[in-house]
Amino acid sequence: MKKALFIILTTLSIIGICSCSNSESIVSSKAEGCTPEDCLVYTLYSQAGIGDFGYQDLIYYGMNLAKESYHFSLENVHPSSMKSAESYIGTFFDETDSDKYRQRLLVLTTEEFDSLFAKHPEWKQDLKNTILVLGRRENSIDAHFWDISLYGASYLAGRTVKDMGLDSTMILAANPKTQAIQDAISGFIDGYRKSNGFFDVNRDILYLEDNEGEGFNSQMSYFYAAFDTTLSEKKFIFPVMGGSNLNLFRYMREVQDSLRILSCGMDANQENMSEGIAFSIEKKSDSLVMEFIEKWATGQPLETDFFATFDSKFVGLTVSKGYEEWAPHFKKFEDEAAEAERKYLEDK
Amino acid sequence: MLLFALFLAACSNQDSVTSGKFHNEKQVKLLVILPMDSASAPHWKRTVSWFNENLEDAFSHLALDSAFTFDVEWIDENKADMDSLGDALTRRKDIAAIVGPIHSQNVDTIAQYMQGANRNGNRIPLIAPMATAAEIVRKYANEKWFFSLTDSDISQSEILLSQVIASYAKSVSLLISSSEEQKTFLDWFTFQATEFELGVKNLYIYDDSVQLAEMAERAFSDKNDFVVCIPQSHSDMPKILEAYKKHGKKTPLLFGNTAHDKNILGYSDVEGIEGISIGASPESGFDIAYVAKFKEPPVAGEAQVYDALLLIAFAQLYVWNDYSRFLDASLSKAIANDSSTNEITAWESIPMSRIMKKILDGENINIGGASGNLDIKSANEVFAVQTFYTHWKILNRAFVQVEYLSLSGTKRTVSTTASSNWINKIITEPSKADSSILIEYPPIKGNFALLIATSESWLNYRHQADILSIYKKLKSFGMDDDHIVLIIEDNLAENSMNPKPGTIIDYEGNSIYEDVKVDYRVSKLLPDDLLCILTGKKSERLHSVIKSDSTQNIFVFWSGHGMPDWLTWPKNENGENFTQQHMEQILKEMSSGKYFRKMLWMFETCYAGNICESFAEQGQKGTLCIAAANKNETSKAVEFNSEYNVYMTNSFTKNFLHKLNQLDINDAFSDIPLNDLYYYTVKNTLGSHVSLYNADNYGSLHISGLREFVTAR
């Protein structure tokens, strides 16, 4: 049933940087193939860093897989602050005229570094220097923006959770500013309400931090405190906190026998993290990265803006062992979730 | 290039295998001693091969026409006779360095031989990837050619117990092999469990396979809350798993590092078991990149083996860059990370080349490896500062990572105290816990300190200097002279041996003699006077005394000499020294007179344990004693200064000062928990066993810290 669906963001026409379409490409790489001496991929990970068993790790995994296949030099950079990220990005821009490599690709794994482009307003991609941002376009910089929407999968999660009789839920989110988080939250709530679930957005969402890029790295003590007071009465927790999800899962492991809280894995299949993880929503960033690199390394056209949705190969929903009875419910609402996502994105 | 030519001349005489990328490509010979069974060997070999691949890439990025890679001679640790091997190695001239063995006892055997194998002033460096027995630290702590890339089992024991705490178990039992290899667990497990306020219910210790079956049977048939299991090797596992299955797998069970062995995946009833093993740093990405490349996760210790090669490669570059002719000295240089420079996670090829360039340019470096920061110098120049542990499960006959753990916690790991702090918080709430398990104290209203150095001669400079360093620190923390009684002979500044008359410096050269108010010259006091001073009995002779009550804490630091039956006091008319009887009398009278809320005594003397046993024997509530050495051993002087011709400090005191300096008085949350102080001094004090007395009658050492003793109130 699933097939790739590429949505060219309508926002492009508003931003007005180019009038590209799915079949067009503003960058055309040479088709000579890569060697470590010819091609460099320079990947900047979020400040929270890898080791999250989720989104960042998947990108890192995809990059390393791609390196095995396409034989480029790979530099993985883990900035500890915005300042060091700025320095790394500056290095990339400073060396655009260098002859050291035939092709260079800068990959930003989140939109949190977008603002750093402000210092390079004249930047234009060319045959030699390419930028990929794994996130949503919010400005007019000359770069490829590739992203995966989790609205549809989250809608299916909310729809099914309520359908399984779980009538007291809570969303734990990293921050209210990151667009990908808001998409997932909207999807979950819409699906939950579609199943006649009651969800109070003022009471049933907890944000760990206020600012974009934050909340993905919270302290374990937060979860001890939060569960002791707020969360322990809930039956299902929808987690959109990146690496902070690990602390939720740790807490669930510790108290699982007594509280029986359920939750879901996010971005990767995380069913091993706790027996209370009923299913996982998989955002296959590793495959997305592989797809881009394959095209970049072999000289194929590169879509400027690429947006993968629920019914693409880049999104998955896997039911955990022991929760097989959930599978038919997910199946029942799959088409509805895809349709809901289409409508959500159109309305935006 | 001249330097590079020199380097090539220093390389081994092995035939070179060139990749064709470099004009000159040589191989440096390493001896790698690891278990080469069919499950493990492919892992070690692929790690070495991967490292060589990355090293070659790194050289490519440097755009040099010369490079080296490692040529490895493999020794099967499971089959080789370690004595014969060690003996043979003493005669080998072609080996640049040794990596391995894995097992601590084997490391000890090889290291003993290498200790005697002096090659014109240098020794073959030995990097042990996973030697975790704490005694190895003591034995080779001063050897500049010996390095371990893993923290000792003291840390692993605490990590395991933190998981027990997280399960809300009330007590824990230990099923363990009696081998020397596991001795550290036996030495520390009970103490650490008590610190976590976990009862230790049973210790099941087995010598052989017959006892193993019997002990495993008991461990799972007795009603234990939780069992931690430290097998000798994977071959113990079938009997343990058989007993576990027989009793319905009901008891929560967690295995230590020795169970993380691919061989166990073939055993029956292995599904679902959990354990802790030594792993890579989560932030290094090593585990993920490994899976991307080899389609399966690494085994325990693989990141450490990779890092051993990384360090040797960097050291070899120092040799190349003419830092030293010798690899052992260069290794010390490579691990002396400069924390003022940005850490570079250097196990991948491009960042590896950045570090290599820095070395060649003579810049300082700060290396992050696959296993974490490779800063070894700041601990004790033997063991890695931080080790990451993997919490694993076996699912579908494969090891699956559940989380990463570390002692102190990082961005991606939970600290061992996170759970216990929370659970301690819960149990301190009257509605949720039995308060009788905590020792209660009245609110604190003030602090006093008594600092005493009991030696008089220039030769014992360190005793007075150390006391002055502590005095200066306490003053900087806001304690005034009305709350500190300072007893030193005060004859150093004007001593004829002092090369800088009028001054006294500490071992780092800092001046410590400004604004000092000495209350008594030690030679003017008698041992009995201490009781009067501590109980506020002022007299014409004793003008400075401590006027304290049950709301005030007292801190005493004693530096001097000791004998098996007494602590040495300056010559006096009674010929008296300070004995156990003096100590007992002080403890009795101060407790019965309620002269303190809590009292912490620290002794930097030889045989200090003899006096400190009084604390345990008396068992007075709120008294705690930490000794630099137990009752049978001497404590050790360190930091010899050839200009002053004396040792400048003692090992235990130096470590105490290191922790004291970490206390940030301006940060209300800064503290040095006493358990942290104890662990640190135990792990880093060379040549003696730091010992703790009367912890049972003091309360949690996690909660109580130095701050409540050494700051103004």
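The coordinates are above.
Figured I'd write up the structure that's included with this text. This one's a predicted model, so the numbers in the text were calculated from it and none came from an experiment.

If you walk through the whole model with that rule in mind, you get 56 aromatic pairs over all chains. With centroids separated by 5.7 Å and ring planes inclined at 40 degrees, the aromatic side chains of tryptophan 558 of chain B and phenylalanine 603 of chain B adopt a geometry described as tilted. Remark: phenylalanine 603 of chain B occurs in strand S22 (residues 599-604) and tryptophan 558 of chain B occurs in strand S18 (residues 552-559); sequence separation between them is 45 residues. On the basis of relative accessibility, which here comes to 0%, the residue tryptophan 558 of chain B falls in the buried class. Aromatic rings pair up to connect Trp50, Phe51, Phe59, Phe68, Phe70, Phe286, Tyr290, Phe294, Tyr306 and Trp347 of chain B into one cluster. One cation-aromatic arrangement involves arginine 104 of chain A over phenylalanine 92 of chain A; the distance from NZ or CZ to the ring centre is 4.1 Å.

In this section: empty space enclosed by the protein. Counted under the stated rule, the structure contains 6 cavities of 30 Å³ or more. Taken together, 28 residues line the largest cavity, and the ones lying closest to its centre are Tyr55, Thr178, Ala180, Phe216 and Lys283 of chain A. For the lining of the largest cavity, the elements supplying multiple residues, two or more each, are helix H2 (55-70), helix H5 (179-194) and strand S9 (262-267) of chain A. By residue number, the principal contributor to the lining of the largest cavity is H5 of chain A, which donates 3 residues. Class assignment for the residues of the lining of the largest cavity results in 11 nonpolar, 9 polar and 8 charged. Lining the second largest cavity are 13 residues, and of these Asn64 and Lys67 of chain A together with Trp50, Asn54 and Glu348 of chain B sit closest to its centre. Secondary structure elements with two or more residues in the lining of the second largest cavity: H2 and strand S2 (73-77) of chain A together with helix H2 (41-62) and helix H10 (286-294) of chain B.

Among the 11 residues in helix H20 (residues 674-684) of chain B, 9 count as buried, and that is most of the element. Among the residues of H20 of chain B, Leu674, Asn675, Leu677, Tyr678, Tyr679, Tyr680, Thr681, Val682 and Asn684 of chain B are the ones counted as buried.

Before going further, it helps to examine the packing of helix H11 (residues 302-320) of chain B against helix H12 (residues 327-335) of chain B. Residue and element names in this part refer to chain B. It is at 8 Å that the axes of H11 and H12 come closest, and there the two elements cross at 115 degrees. In this view, H11 runs roughly perpendicular relative to H12, as classed from their interaxial angle. Regarding H11 and H12, the two cross each other, and that crossing is right-handed. Here H11 contributes Leu311, Ile312, Phe314, Ala315, Gln316, Tyr318 and Val319 to the contact with H12, which in turn contributes Leu327, Ser330, Leu331, Lys333, Ala334 and Ile335.

Quick look at the side chain of histidine 463 of chain B now. All names here are of chain B. Structurally, the position occupied by histidine 463 is in helix H15 (residues 461-476). On the accessibility criterion, histidine 463 (1% relative accessible area) is buried. For histidine 463, the side chain forms a polar contact with the main-chain oxygen of glycine 560, separated by 3.5 Å. In this structure histidine 463 touches Ala453, Ser455, Ser559, Gly560, His561 and Asn650, once residues within four positions along its chain are discounted.

Another aspect to go through is the environment of threonine 69 of chain B. All names here are of chain B. In this structure, threonine 69 sits in strand S2 (residues 66-76). You can call threonine 69 buried: its relative accessible area is 7%. It is 61 Å that separates the C-alpha atoms of threonine 69 and arginine 713, two residues lying 644 residues apart in sequence. Leaving out residues up to four positions away in the same chain, threonine 69 has contacts with Glu25, Lys26, Gln27, Val28, Asn52, Leu55 and Glu56.

Scoring rules and cut-offs
Residues numbered from 1 in each chain as written. Chains lettered and ligands numbered in written order. Predicted model: local features only at pLDDT ≥ 70, side-chain atom pairs only at ≥ 80, totals over all residues. Heavy atoms only, no water. Phe/Tyr/Trp six-rings, centres within 6.5 Å; stacked < 30°, edge-to-face > 60°. Helix = DSSP H or I, 4+ residues; strand = E, 2+ residues; numbered from the N terminus. Buried < 20%, exposed > 50% of the residue type's maximum accessible area, 1.4 Å probe, protein only. Lys NZ or Arg CZ within 6 Å of the ring centre and 35° of its normal. 1 Å grid on protein atoms, 1.4 Å probe; cavity = no way out; pocket = protein on both sides within 12 Å on 5 of 7 lines; lining within 4 Å. Points joined across faces, edges and corners; volume = space filled by probe spheres on them. Nonpolar A, V, L, I, M, F, W, Y, C, P; charged D, E, K, R; others polar. Axes fitted to C-alpha atoms, helices over the stretch in contact; angles between N-to-C directions. Parallel < 35°, antiparallel > 145°, perpendicular 65-115°, else oblique. Left-handed = near helix turned anticlockwise from the far one by under 90°. Contact = heavy atoms within 4.5 Å. Polar contact = N/O pair within 3.5 Å; in protein donor to acceptor, adjacent residues only side chain to side chain.

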